[in-house]
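Notes for the structure review
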Amino acid sequence: MNNFGGPPGSGFFGFISELPLFFILFGGLLITLVIGAFSYAIIKGLKTWSSNNAAEMMVQRCKVVDKRTEVSGGSGDSSASTNYFITFEFEDSTRKEMHVRGNYYGLTTVGDQGELSYQGTRFKEFIRQPSH
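The structure presented is a predicted model; accordingly, all values stated were derived computationally and were not measured. (Residues numbered from 1 in each chain as written. Predicted model: local features only at pLDDT ≥ 70, side-chain atom pairs only at ≥ 80, totals over all residues. Heavy atoms only, no water.)

Thoughts on the pattern of salt bridges
- Applying the stated criterion to the full structure yields five salt bridges.
- The partner of E70 in a salt bridge is R68, with the nearest N and O atoms 3.7 Å apart.
- Note that R128 is salt-bridged to D112, the shortest N-O span being 3.7 Å. Of this pair, R128 sits in strand β5 (residues 122-129) while D112 is found in the loop between α3 (102-107) and β4 (113-119), placing the two residues 16 residues apart along the sequence.
- By relative accessible area, R128 is classed as partly exposed at 46%.
- One connected set of salt bridges, linked through shared partners, spans R68, E70 and E97. (Salt bridge = Lys/Arg side-chain N within 4 Å of Asp/Glu carboxyl O. Helix = DSSP H or I, 4+ residues; strand = E, 2+ residues; numbered from the N terminus. Buried < 20%, exposed > 50% of the residue type's maximum accessible area, 1.4 Å probe, protein only.)

Right, here's the structure in full:
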């Protein structure tokens, strides 16, 4: 008898030992890939977060040159999620696309000029200036 009251070799590990080697290796590889993908996503997120925190807070004059949305999900019974992006062009003609909240996206139009506040890749605020 084993510790769980059944005959030796029964239970989960008994089931595993009866599987062909191919299935054991394939299952192990699959579990390793899933854990690796989650670990990669977590490490990448922490690296971006840390980099943004270490970056200097910038405030620059710019112009809004483009806006776009990215919709994910929404098939079947799942709800859709929308990400909002605005592309800003600075006075030196360089551009930066920033992920913004929906309220900034809705209140901003292409051609708006103002001051963009950001830290690394993190959007902080866009203050529209009246055009002269």
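Back to the text.
Digging into a nonpolar patch on the surface
- Together, F22, F23, F26, L30, V34, F38, I42, L46 and W49 make up a nonpolar patch on the protein surface, roughly 1000 Å² of accessible area in all.
- Relative to the helices and strands, L46 is located in helix α2 (residues 21-54). (Patch = residues over 30% accessible without salt bridge, like charges linked within 9 Å, V, L, I, M, F, W, Y side chains within 5 Å. Areas by Shrake-Rupley, 256 points an atom, 1.4 Å probe, with all protein chains shown as cover.)

A closer look at the side chain of Q119
- By the secondary structure assignment, Q119 is in strand β4.
- A relative accessible area of 13% places Q119 in the buried class.

Concerning the packing of aromatic side chains
- Counted by the stated rule, this structure contains five aromatic pairs.
- Relative to Y105, the ring of Y84 has its centre 4.9 Å away and its plane inclined at 45°; by these criteria the two rings are tilted. In this pair, Y84 is assigned in strand β2 (residues 80-90) and Y105 in helix α3, connecting sequence segments 21 residues apart.
- Each ring, one from F88 and one from F123, has its centre 6.3 Å from the other, and the planes form 10°; the classification is stacked. Of the two residues, F88 sits in strand β2 while F123 sits in strand β5, which places them 35 residues apart along the sequence.
- We classify F88 as buried; its relative accessible area is 0%. (Phe/Tyr/Trp six-rings, centres within 6.5 Å; stacked < 30°, edge-to-face > 60°.)

Considering the pairing of strand β1 (residues 57-73)
- When β1 meets β4, the two strands line up antiparallel, connected through seven bridges. Bridge pairing in β4 places M58 opposite Y118.
- Pairing between β1 and β2: eleven bridges, direction antiparallel. By the bridge assignment for β2, R68 is matched with F85.
- With antiparallel pairing between neighbouring strands as the criterion, β1 and β2 make up a hairpin whose turn holds six residues, including G74 at a positive phi of roughly 90°. (Pairing = 2+ DSSP bridges.)

Details of the sheet that holds β1
- What the five strands build is an open sheet, ordered β3-β2-β1-β4-β5; its pairing is antiparallel. Of all strands in the sheet, those with a lone pairing partner are β3 (95-100) and β5, marking the two edges. In this sheet, adjacent strand axes meet at a mean angle of 40° when their direction is disregarded.
- Two strands pair when backbone bridges link them, and β4 and β5 are joined in this way by seven bridges, in the antiparallel orientation. Residue E115 lies in a different strand from β5, and its bridge partner there is I127. (Axes fitted to C-alpha atoms, helices over the stretch in contact; angles between N-to-C directions.)

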